[in-house]
Amino acid sequence: MPMEEQLEVFEVDPDLVTHAQHLNYRNEEYMKCKEKIEKYEGGLDKFSSGFLKFGFNRTGNCIVYNEWAPAAQSAQLVGDFNNWDGSQHWMSKDEFGVWTIRIPDVQGKPAIPHRSRVKIRLQRGDGTWLDRIPAWIKWATAEPGKLGANYDGIYWDPPAPEKYEFKHPQPPKPLAPRIYEAHVGMSSVKPHVASYIEFADNVLPRIKANNYNTVQLMAVMEHSYYASFGYHVTNFFAVSSRSGTPEDLKYLIDKAHALGLRVLIDVVHSHASNNIHDGLNGYDFGQSSEFSYFHTGDCGYHNLWDSRLFNYGHWEVQRFLLSNLRWWLDEYKFDGFRFDGVTSMLYHHHGIHMSFTGKYHEYFGLSTDVEAVVYLMLANELVHAMYPEVTVIAEDVSGMPTLCRPVHEGGIGFDFRLAMGIPDKWIQLIKNVRDEHWQMGDICHTLTDRRYTEKCIAYAESHDQSIVGDKTFAFLLMDKEMYTGMSTFEPVTPIVDRGIALHKLIHFLTMALGGEGYLNFMGNEFGHPEWVDFPRDGNNWSYDKCRRRWDLLDMDHLRYKFMNNFNRDMNKLDEKFNFLASTKQIISSASEKDKVIVFEKGSLVFVFNFHPQNTYEGYKVGCDLPGKYRVAFDSDSLEYGGYGRVGHDSDHFTNPEGEPGKPLTNFNNRPNSFMVLSPARTCQVYYKVRET
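Residues numbered from 1 in each chain as written. Predicted model: local features only at pLDDT ≥ 70, side-chain atom pairs only at ≥ 80, totals over all residues. Heavy atoms only, no water.

**Q** Explain the sheet that holds strand β23 (residues 585–591) to me, using residue names and the numbers behind them.
**A** One open sheet accounts for 6 strands, arranged β23-β24-β25-β31-β27-β28; its pairing is antiparallel. Looking at which strands have only one partner, the edges of the open sheet turn out to be β23 and β28 (652–653). The pairing of strand β27 (residues 628–634) with strand β31 (residues 682–688) spans 5 bridges and is antiparallel. From the neighbouring strand, Y629 faces β31, where its bridge partner is K688. Along the sheet, helix α10 (residues 440–448) contacts β23 and β24 (596–601); its crossing angle with β23, the most-contacted strand, is approximately 160 degrees. (Pairing = 2+ DSSP bridges. Helix = DSSP H or I, 4+ residues; strand = E, 2+ residues; numbered from the N terminus. Contact = heavy atoms within 4.5 Å. Axes fitted to C-alpha atoms, helices over the stretch in contact; angles between N-to-C directions.)

See below:
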């Protein structure tokens, strides 16, 4: 059998055969790496259990601490337990560069008390000594109230009564994820850093009430710089101490599971903070890449992110990162991952100054970082084999083919990628084009321009679209009138009326046409005003824009409730009809003259009217199956801030169109049609009534 026929991805997409040499080489490198792991480590299962050896672990009546630091000449363990004097706690080094120490219990108690500070003291080649946080530390904290204070590693081993015990099973994998992207720290209405407990008790019920089935938590991995949104990770195995303890996070996840919500963690393996005092970069003494977590020189530094880049081909880096995935799944019962910055990992150019056109040579060649791809294949193989219910999402803007095909086919193994081009299109339209000039065909092309053999998560706006320097979509649409025009005690202004109407249409059309899953960032479901800005020197360390204004939603006389009600029920519509997971998606009309889009998704018929003024009575829409149709969902309903013009109890009977089996004789290539009322700037969804 020719080599190019051996991978199943060539059957899925025959055009890939042109790049068979690269894809086969990639797969061979993956197989070689996996075979070495099986030979020398006993398989991916054992290899990814590094946290059982490295860091701090209990063995009998001892604490055992192991750390890979091959560039160090000497090492001591220091902390509160020995008054930061390491003279009695020297560590020994093996041939692989792993430093070890065993510390017996004292009078039947651990020599290192729970919650006490610890660091490893390392001697460099020039004889100088440096204190570093253990790389596998499970919690790290900084001195409260001290600006710019360095972090300390915290020995975390709570006594049995203080350990959180999970009480609820993990929910099963949904047909389609409806994801609520959230940042715990900024989730409070109060201008402070919210806790895991606050989020669990106050925000999770809101998420459940809005019919999401998945929560995606940002900024869980410890990061010394709060304003990095959690993406400059310093301590990979530690939960962010700003919001609480490891046991507090377990409470949050268990409560989510009790509500039937799955929880994904934003995992950052694309780079690491360049902070040498608090993070992994502190183990880099300028040694060669062979003895470091990172590449040396330009290969080890991301110019735009000001961060360090991993050496994915290194054995200990693979152990560290794969074990990190296992840690979050095993210890905290997360239900999956959203991998950050995958585009940066896939290519040596990291996607910088690249504009991907979709031509295959952009994805498979010398610019591809095969070592990083192999790591991602190992990661996906590991988590899917050991945790079949897991969901793994890639943040990739390039659209690399095979990214979301299974590893056994020769793919990279992700379940979904984020459809990152969609929000860019909406921003371009909202900012630069009057909505009466929006092109329906152009919008439909953007929403449907994807590889249908690889699933996408669609979103209109995530956290990226509302960070400082930009605004939420609601604020782009309504701007300063959100300060004065949101009260229902006053007549709605034209700007607010238009803004709420378009906000509903944009988010729902994105959900319905943009992918096989949907994502919303915390607060956007109710049209959160303004933008996100973390406390920093430039805003006098203010938390005013680093919180969520739930109070606006909870005031019943404000119009925010209309957008929230709509968001709640569009999720409920998918819960009832499962249209997101359906492979049936047919756009029958995208009329530039009428500004109307008509399509079928699953068993439903969707009608979107973007025209600013025109309401169409008796508007003919095509459909597949004959019968009787009724309204399942209507953005013009009063509870969504509409005008209640569409009758929900009306029966819409179909008429046959053209000759059976001859689409060209049909209406818009559909064999049947029915008439509807389509008010300006509204959308309606119709379902077929079962015959009795």
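**Q** An account of the sheet that holds strand β16 (residues 301–302) is needed here, citing residue identities and associated values.
**A** Taken in spatial order, the 3 strands line up as β15-β17-β16 in an open sheet, and their pairing is antiparallel. The sheet terminates laterally at β15 (272–273) and β16, the two strands that pair on one side only. Bridge count for β16 against strand β17 (residues 307–308) is 2 bridges, and the pairing is antiparallel. When the bridges of β17 are listed, H302 appears paired with S307.

**Q** Describe the environment of N281, and please don't skip the residues or the numbers.
**A** For N281, the position within the fold is in the loop between β15 and β16. What makes N281 buried here is its relative accessible area of 6%. Sequence separation of N281 and V607 is 326 residues, and the distance between their C-alpha atoms is 53 Å. At 2.8 Å, the side chain of N281 forms a polar contact with the backbone oxygen of N274. (Buried < 20%, exposed > 50% of the residue type's maximum accessible area, 1.4 Å probe, protein only. Polar contact = N/O pair within 3.5 Å; in protein donor to acceptor, adjacent residues only side chain to side chain.)

**Q** Just give me the short version of the packing of helix α9 (residues 421–432) against α10, but keep the residues and values in it.
**A** With their axes 9 Å apart at the nearest point, α9 and α10 run at an angle of 160 degrees to one another. In terms of orientation, α9 and α10 fall into the roughly antiparallel class. The hand of the α9/α10 crossing is left-handed. Where α9 abuts α10, its residues G421, I422, K425, W426 and L429 lie against D442, I443, T446 and L447. Taken together, the residues that form the contact of α9 with α10 break down as 5 nonpolar, 2 polar and 2 charged. (Parallel < 35°, antiparallel > 145°, perpendicular 65-115°, else oblique. Left-handed = near helix turned anticlockwise from the far one by under 90°. Nonpolar A, V, L, I, M, F, W, Y, C, P; charged D, E, K, R; others polar.)

**Q** Give me the lowdown on the pairing of strand β30 (residues 672–678), citing residues and values where you can.
**A** Here β30 lies mainly inside the structure; 5 of its 7 residues are buried. Bridge count between strand β26 (residues 616–623) and β30: 6 bridges; the pairing is antiparallel. Residue pairing across strands places V621 opposite F674, the latter belonging to β30. Direction of pairing for strand β29 (residues 655–656) relative to β30: antiparallel, over a ladder of 2 bridges.

**Q** Please set out the pattern of salt bridges residue by residue, giving values where relevant.
**A** The final tally for this structure, using the stated rule, is 51 salt bridges. For R121, the salt bridge identified is with D131, shortest N-O distance 2.7 Å. Taken together, the residues span a long stretch of sequence, with R121 in strand β6 (residues 117–123) and D131 in strand β7 (residues 129–132) at a distance of 10 residues. For D131, a relative accessible area of 25% corresponds to the partly exposed category. Between K620 and E657 there is a salt bridge, with the nearest N and O atoms lying 3.2 Å from each other. Placement of K620 in strand β26 and of E657 in the loop between β29 and β30 is noted, with a sequence separation of 37 residues between them. The class for E657 is buried, based on a relative accessible area of 15%. Through salt bridges with shared partners, a single ionic network connects D80, R117, K119 and D152. (Salt bridge = Lys/Arg side-chain N within 4 Å of Asp/Glu carboxyl O.)

**Q** Which residues make up the packing of helix α13 (residues 494–513) against helix α15 (residues 560–577), and what values go with them?
**A** Running from N to C, α13 and α15 point in directions that differ by 20 degrees, and their axes come no closer than 10 Å. Between α13 and α15, the crossing angle belongs to the class labelled roughly parallel. Crossing angle aside, the handedness with which α13 passes α15 is right-handed. Counting all contacts with α13, which are made through I500, H503, K504, H507, F508 and M511, the residues of α15 involved are M563, F566, M570, N571, L573 and D574. When grouped by side-chain class, the residues that make up the contact of α13 with α15 number 7 nonpolar, 3 polar and 2 charged.

**Q** Mind laying out unusual backbone geometry, listing which residues take part and the relevant values?
**A** Despite not being glycine, D306 shows a phi value in the positive range, around 55 degrees. Assignment of secondary structure puts D306 in the loop between β16 and β17. Overall, the relative accessible area of 37% leaves D306 in the partly exposed class. Phi is positive for T402, close to 80 degrees, though the residue is something other than glycine. By the element assignment, T402 lies in the loop between β19 (391–394) and β20 (416–418).

**Q** Report on the nonpolar core, specifying residues and quantitative values.
**A** If you look at the biggest cluster of nonpolar residues, it comprises 184 residues, and the most contacted ones within it are F199, L217, W328, F334, F339, W426 and F508. In terms of residues, this core owes the most to one element, helix α8 (residues 370–386), which gives 11 residues. Sequence-distant contacts of F199, defined by excluding residues within four places in its chain, comprise A182, V184, S187, L204, I207, V215, L217, L252 and M522. Core analysis: the second largest hydrophobic core is formed by 14 residues, V596, V598, V607 and Y686 among them. (Core = buried A, V, L, I, M, F, W, Y, C linked by side-chain atoms within 4.5 Å.)

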